[in-house]
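One letter stands for each residue in the lines below.
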Amino acid sequence: VQLQASGGGVVRPGGSLRLSCSGSGTNARFNVMGWSRQVPGRQRELVARLPSDGRPLYEFNLGGRFIISRDNDRNSVYLQMNNLQPEDTAVYYCNAGLTGMRYDYWGQGTLVTVSS
């Protein structure tokens with residue numbers, strides 16, 4: 001199974017980015033897909049998860065700035081990030097799991113840099 005994330009880049013504070021991730025290598029539908037992020041020198045933290053038939057779970061208070069969505073038929077997940085701030089700078093990773101809310105697969109990351 002491979003998870004390919006894209007959409008990162010450099011943006012000014014207050015700007016927006018939309019991350020995308022597609023899973024391949026399996027015919028099974030992922031039960032949960034989501035995003036985590038990691039700042040160099042710090043532990044990876046979960047950002048948001050979305051089960052195939054449920055409501056999104058945001059791991060901490062993002063003030064409504066981030067919105068997770070997915071396309072179940074394509075095993076794809078997206079993260080719309082608005083009003084980005086410098087503290088959002090990190091490598092963002094796509095994650096997926098086949099059962100429950102646990103992640104079985106971790107993809108390569110895409111770098112988001114928020115800087116003026």
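I will try to describe carefully the structure that is included in this document. (Residues numbered from 1 in each chain as written. Predicted model: local features only at pLDDT ≥ 70, side-chain atom pairs only at ≥ 80, totals over all residues. Heavy atoms only, no water.)

From N to C terminus, the protein chain includes zero helices and 11 strands. In the protein chain, the succession of α and β elements from N to C terminus is β-β-β-β-β-β-β-β-β-β-β. A globule of 116 residues ought to have a C-alpha radius of gyration of about 13 Å, and the protein chain, at 13 Å, matches this closely. Overall, the protein chain is about 45 × 25 × 25 Å in size when its C-alpha atoms are taken along their principal axes. Across the 116 residues that make up the protein chain, the buried fraction comes to 40%. Taking the contacts inside the protein chain whose residues are at least 6 apart along the sequence as the reference set, 55% of them involve residues at least 24 apart. (Helix = DSSP H or I, 4+ residues; strand = E, 2+ residues; numbered from the N terminus. Rg over C-alpha atoms; globule rule 2.2 N^0.38 Å. Buried < 20%, exposed > 50% of the residue type's maximum accessible area, 1.4 Å probe, protein only. Contact = heavy atoms within 4.5 Å.)

By the definition in use, this model includes one disulfide. Covalently, Cys21 is tied to Cys94 through a disulfide, its sulfur atoms 2.0 Å apart. Taking the torsion about the sulfur-sulfur bond, which here is approximately -80°, the covalent link between Cys21 and Cys94 counts as left-handed. On the criterion of sequence distance, the pair formed by Cys21 in strand β3 (residues 17-24) and Cys94 in strand β9 (residues 90-97) is long-range, its members being 73 residues apart. Judged by relative accessible area, which is 1%, Cys21 ranks as buried. Residue class for Cys94 comes out buried when judged on its relative accessible area of 0%. (Disulfide = S-S within 2.5 Å.)

Evaluated as defined, the whole model comprises seven salt bridges. Arg29 is paired through a salt bridge with Asp73; the nearest N and O atoms lie 2.9 Å apart. Of the two residues, Arg29 sits in the loop between β3 and β4 (32-38) while Asp73 sits in the loop between β7 (66-71) and β8 (76-81), which places them 44 residues apart along the sequence. For Arg29, a relative accessible area of 46% puts it in the partly exposed group. The closest approach of N and O atoms between Arg37 and Asp88, which form a salt bridge, is 3.1 Å. With Arg37 in strand β4 and Asp88 in the loop between β8 and β9, this pair connects stretches of sequence that are 51 residues apart. Here Arg37 and Asp88 have matching classes, each one buried. (Salt bridge = Lys/Arg side-chain N within 4 Å of Asp/Glu carboxyl O.)

Once that is clear, we can look at the packing of aromatic side chains. Per the counting criterion, the structure on display carries two aromatic pairs. Ring centres of Tyr103 and Trp106 lie 5.4 Å apart, and the angle between their planes is 75°; this geometry places the pair in the edge-to-face category. Given the relative accessible area of 45%, Trp106 is considered partly exposed. Above the plane of the ring of Tyr78 lies Arg18, whose end atom (NZ or CZ) is 4.3 Å from the centre. When the ring centre of Tyr93 is taken as origin, the NZ or CZ atom of Arg44, which lies over that ring, is 3.7 Å away. (Phe/Tyr/Trp six-rings, centres within 6.5 Å; stacked < 30°, edge-to-face > 60°. Lys NZ or Arg CZ within 6 Å of the ring centre and 35° of its normal.)

Bringing unusual backbone geometry into the picture now. You will see that Asn75, though not glycine, has its phi angle at about 50°, which is positive. When you line up the elements, Asn75 lands in the loop between β7 and β8. Its identity as a non-glycine residue notwithstanding, Asn83 has a phi of 45°, on the positive side.

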